[in-house]
Amino acid sequence: MSSENLPQTPEQQGRKPRVAVVFGGRSSEHAISVVTAGAVLRSIDRSKYEVLPIGITTDGRWALTADAPERMAIADRRLPDVESLAESPDGTVVLPVDPASREVVYTEPGSVPKALGEVDVVFPVLHGPYGEDGTLQGLLELSGIPYVGCGVLASAVGQDKDYMKRVFTSYGLNVGPYVTIRPREWDADRDAATAKVLDFAAEHGWPLFVKPARAGSSIGITKVDDASGLDAAIAEARRHDPKVIVEALLRGREIECGVLEFEDGPRASAPAEIPPVSSHDFYDFEAKYIDSAAGLVPAPLTPEQTAEVQRLAIEAFEAASCEGLVRADFFLTEDGDFVINEINTMPGFTPISMYPRMWQESGIEYPELVDRLIQAALRRSTGLR
């Protein structure tokens, strides 16, 4: 594409950059995405940016929503949703598919389409499939609109725990024992698929953790203490994803570390520790978001351990070709080794989320964190890079 066909910058047009905050989505993490969007909208510097909130409903409709962060919080254990925030039950926001134009259009049945203006950068705060997994990122690449966070490949790798572990292993990072049940295996011979897991348990012991391979926020995860609970655990995981991953128990401390893209490359935050939660078997959805389990920031580590987990977090960021931000989750085993569990390419940004807390401890407050992510996205082009 010739330079004269490229969209003008906001500065060339004499206006502030317009940020579309896209949230909600079709995954089981819809509500947490709405909560995250509320925190981001509350913190964007309105003197520096124009903001366009766009929610994606659970059935996939892109809706123009109220710019109302106060309505996006968890209240009385009730989770928010895009449907309650939408300006209209039928209106649809349409992104351009022409890289020469970034103008967003809003349509309602029986009405003339309304231009909402050009979008200069998208801040996607979607978690899980259809948002964090490379699908939205691919759409934005086709549209030629810069966006916050990882690209198509890194987002897809970061969403699929099976391939994530394969990538990390190929780069020499230490991962825990696991086995994967692919959809075709389960559909072709459930007994054989279950036997594979039982063989894995015979080698690595109980309990096991049965998880959807491509979901987050600990949704659909079951801790299984013996063979009698295996079928129900697999069924629960498959409610969220037909691909299932089964992991052995790693005994040790849960350590997290944030990575943020600066002008000179990625840097790691102060790490955090997730202590055992007495009211939960593991750090599940309710512990994270409903019961507000508190992590320790900074993690009580030696200087050497802190430096090591920061180094490994950046290695994981680079191994998966990440951009923008990542939260890397590790186990510090009883032998003193760090084992990487997973990365999150769009970690939670709720008021109690670990990623912003780790960067706050590192000297970057929430509004600055949001601004740095937007600026990093504006510096990048779409396409091959």
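Residues numbered from 1 in each chain as written. Predicted model: local features only at pLDDT ≥ 70, side-chain atom pairs only at ≥ 80, totals over all residues. Heavy atoms only, no water.

As annotated in an unreviewed UniProt entry, the chain is D-alanine--D-alanine ligase from Streptomyces polychromogenes. We quote the UniProt Pathway (unreviewed entry) comment for the chain here in full: "Cell wall biogenesis; peptidoglycan biosynthesis." Heading Sequence similarities (unreviewed entry) of the UniProt record for the chain holds this comment: "Belongs to the D-alanine--D-alanine ligase family." (UniProt positions renumbered as here; feature names shortened; annotations may be inferred.)

Participant: Where do I start with the packing of helix α1 (residues 30–43) against helix α11 (residues 366–379) in this structure?
Facilitator: In helix packing, the relevant descriptors are the interaxial angle and the interaxial distance, both defined with respect to the helix axes. Direction vectors running N to C along α1 and α11 enclose 95°, while the axes themselves pass 9 Å from each other. Taken together, the axes of α1 and α11 are roughly perpendicular relative to one another. Counted together, T36, A39, V40 and S43 of α1 and Y366, P367 and V370 of α11 form the full contact between these two elements. Here the residues of the contact of α1 with α11 are counted per class, giving five nonpolar, two polar and no charged. (Axes fitted to C-alpha atoms, helices over the stretch in contact; angles between N-to-C directions. Helix = DSSP H or I, 4+ residues; strand = E, 2+ residues; numbered from the N terminus. Parallel < 35°, antiparallel > 145°, perpendicular 65-115°, else oblique. Contact = heavy atoms within 4.5 Å. Nonpolar A, V, L, I, M, F, W, Y, C, P; charged D, E, K, R; others polar.)

Participant: Is there a simple way to think about the pairing of strand β12 (residues 252–262) in this case?
Facilitator: When a strand is regular, its side chains alternate between the sheet's two faces. Of all eleven residues that make up β12, eight are buried, and the element is covered over most of its length. Pairing geometry for β12 and strand β15 (residues 325–333), over nine bridges, is antiparallel. Bridged to L260 within β15 is L325. Both β12 and strand β14 (residues 272–274) contribute to a ladder of three bridges, which runs antiparallel. In the sheet register, I255 faces β14, and the bridge partner there is E273. Bridge count for β12 against strand β13 (residues 265–268) is four bridges, and the pairing is antiparallel. Across the sheet, the residue bridging to E261 is P266, located in β13. The antiparallel hairpin formed by β12 and β13 contains two residues in its connecting segment. (Buried < 20%, exposed > 50% of the residue type's maximum accessible area, 1.4 Å probe, protein only. Pairing = 2+ DSSP bridges.)

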